[in-house]
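A look at the structure
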Amino acid sequence: MKNNKPQETTGPGAPASGRRAFLARGAAVSAAAVASAKLIPAAQASEANLPPNVPAWMKTQGGGFLNPPYGLPSPFEKNVVRKLPATVAAFPTATRTPLQNLFGTITPNGLFFERHHAGVPVINPDEHRLMVHGLVERPLLLTMNDLMRYPSFTRIYFLECSGNSAAEWNKPTGKTAQDVHGLLSCSEWTGVPLSTILDEVGVKPEGKWLLAEGADAAAMTRSIPLEMAMKDALLVYAQNGERLRPEQGYPLRLLLPGIEGNMSIKWLRRLKIGNQPFYTREETSKYTDLMPDGKAREFTFEMDVKSVITTPSGGQTLREKGLYEISGIAWSGRGKIRSVDVSVDGGRNWREAVLQGAIQSKAVTRFCLPWRWNGEPAILQSRAIDETGAVQPTRQQLIAARGTKSFYHYNGIQSWKVATSGEITNVHA
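Not measured: the values here are computed from a predicted model.

Considerations on the overall build of the chain
Within the chain one finds six helices and 23 strands. Taking all 429 residues of the chain together, the buried fraction comes to 48%. Residue pairs at least 24 apart in sequence account for 71% of intrachain contacts in the chain once pairs closer than 6 positions are excluded. Element-wise, carbon and sulfur atoms account for 55% of the exposed surface of the chain, whose accessible area totals about 21100 Å².

Next comes the structure, spelled out in structure tokens:
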């Protein structure tokens, strides 16, 4: 249950006195930051460049075009990168998004997580084709130019690997938000509604399922209910305003909003209509959920409601007592996020966070809440609720329902422990 203590908030509709108090505390924090600037190690800052001195970069003419034709981030952001797997493999199968370093809700293309099953193919778009066949009246073989002549739509959706956070079923393993939850990203996608192409080919009445196949060496394939394909699926060729990158399926991928990421087939080459599921390797030996009685759930498509605090979070350190903003992200494959609660005492008391920006269906939503740390131990948690009323469960509730043999679709509440030293770690609380 939520407690009845007054909430500090800065969102729309907040009391003016609360906003003034928050801004006053923020000003105090800024003043404290300036006052403590000389305590920054020499490796991070030079005394000569700190106020009231004039820094070196003000004494010389700046450079011209600092970046190559395709722009690059500042060299001071060189550590904000995707993370490779810890174990060496013939080729990396996944990279993880640095969630703790991001702002807002959109993941830049260069930081969007990767997951692939046989490496990233190099495909000439002029030689790529999409074949649509099976139980249809008019089979089609489409070039990329053909596809891009159809009316397009641009939408913002998250994409999450069904194995995201999977290690948390057993014990805390990852150190940072990137380690634990980094197989999640959110983008603006542009493409042709799949329903447009299916209308074009004329699906026969007995057609109930769709097989989507990729052009990678694994020929990644999944069965998709036709009803789902006709809903809001896109044949995507652009992401965040530019053409797809190779690791995201260039030149063409399927996007199924809110559905486990492996079904959004990359390097899409074939769509076949059938009257039943095709039962490929990726939906029999893989991507099923083993239950306590030994049976496996199949076709668990939707990604459940979930959230994570990204700052303060694992691997970070609170360097002094005082005001901090708790910030994080929430998402649900069932639709919009309705609310997010935040606890700083391991779930004993909850306060409702402020949701920032436009709340969009099947997209990441950012939340925030001001918090004053008094130097004592704390357990930070967030709990998301979506528009269907689904509530993000605790790890204990998830295990009670599904046991510990599962691997996919973990959406338990994440706990970050703040020690008296300010160091933050991943714990199960």
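A look at the sheet that holds strand S4 (residues 140-143)
Spatially, S4-S3-S12-S7-S8 is the arrangement adopted by the five strands of the open sheet, whose pairing is mixed. Edge positions in the sheet fall to S4 and strand S8 (221-225), since each of these pairs with one other strand and no more. The sheet shows a mean angle of 15° between the axes of neighbouring strands, taken without regard to direction. When strand S3 (residues 129-134) meets S4, the two strands line up antiparallel, connected through four bridges. By the bridge assignment, Leu130 is partnered in S4 with Leu142. Across the face of the sheet, helix H4 (residues 194-201) comes into contact with S3, S4, strand S7 (209-214) and strand S12 (268-274) while running at roughly 140° to S4.

Quick word on the side chain of Glu160
One can find Glu160 in strand S5 (residues 153-160). In terms of polar contacts, Glu160 uses its side chain to reach the side chain of Asn164, at 3.0 Å. Those residues in contact with Glu160 that sit more than four places away from it in its chain are Phe113, Leu183, Leu184, Ile259, Glu260, Gly261, Met303, Lys306 and Trp331.

Here we look at the pattern of salt bridges
One pass over the structure, following the stated rule, counts 16 salt bridges. One salt bridge connects Arg402 with Asp289, and the closest N-O pair in it is separated by 3.5 Å. Taken together, the positions of Arg402 in helix H6 (residues 395-402) and Asp289 in strand S13 (residues 289-290) put the pair 113 residues apart, joining distant regions of the chain. This pair shows no difference in class: Arg402 is buried, exactly as Asp289 is. With a closest N to O distance of 3.6 Å, Arg334 and Glu302 form a salt bridge. Of this pair, Arg334 sits in the loop between strand S16 (322-331) and strand S17 (337-343) while Glu302 sits in the loop between strand S14 (296-297) and strand S15 (306-311); the two residues are 32 residues apart in sequence, bridging distant segments of the chain. Classification of Arg334 as partly exposed rests on a relative accessible area of 32%.

Things to note about H4
All of the buried residues in H4 are Leu194, Ser195, Ile197, Leu198 and Val201. Each buried residue of H4 lies within a common arc of 160° when the element is viewed along its axis, so the set occupies one face. Phi turns positive, to about 75°, at Gly202, one or two residues after H4.

Regarding the packing of aromatic side chains
Applying the stated rule across the entire model yields eight aromatic pairs. Ring centres of Phe112 and Phe113 lie 5.6 Å apart, and the angle between their planes is 15°; on these two criteria the pair is classed as stacked. Assigned by exposure class, Phe112 and Phe113 land together as buried. Between Phe407 and Tyr408, the aromatic rings sit 5.0 Å apart at their centres with planes inclined by 85°, giving edge-to-face as the arrangement. The buried category is assigned to Tyr408, whose relative accessible area is 13%. Put simply, the rings of Trp209, Tyr279, Phe299 and Phe301 touch in pairs and so form one group of aromatic residues.

With respect to H6
Those residues of H6 that sit buried are Arg395, Leu398 and Arg402. One face of H6 carries all of its buried residues, which in axial projection span an arc of 60°. Seen from the buried face of H6, the exposed residues on the opposite side, beyond 90 degrees, are Ala400 and Ala401. Of the surrounding secondary structure, the elements contacted by the buried residues of H6 are S13 and S14. Phi turns positive one or two residues past the end of H6, at Gly403, with a value near 75°.

Criteria and cut-off values
Residues numbered from 1 in each chain as written. Predicted model: local features only at pLDDT ≥ 70, side-chain atom pairs only at ≥ 80, totals over all residues. Heavy atoms only, no water. Helix = DSSP H or I, 4+ residues; strand = E, 2+ residues; numbered from the N terminus. Buried < 20%, exposed > 50% of the residue type's maximum accessible area, 1.4 Å probe, protein only. Contact = heavy atoms within 4.5 Å. Areas by Shrake-Rupley, 256 points an atom, 1.4 Å probe, with all protein chains shown as cover. Pairing = 2+ DSSP bridges. Axes fitted to C-alpha atoms, helices over the stretch in contact; angles between N-to-C directions. Polar contact = N/O pair within 3.5 Å; in protein donor to acceptor, adjacent residues only side chain to side chain. Salt bridge = Lys/Arg side-chain N within 4 Å of Asp/Glu carboxyl O. Arc of directions from axis to C-beta. Phe/Tyr/Trp six-rings, centres within 6.5 Å; stacked < 30°, edge-to-face > 60°.

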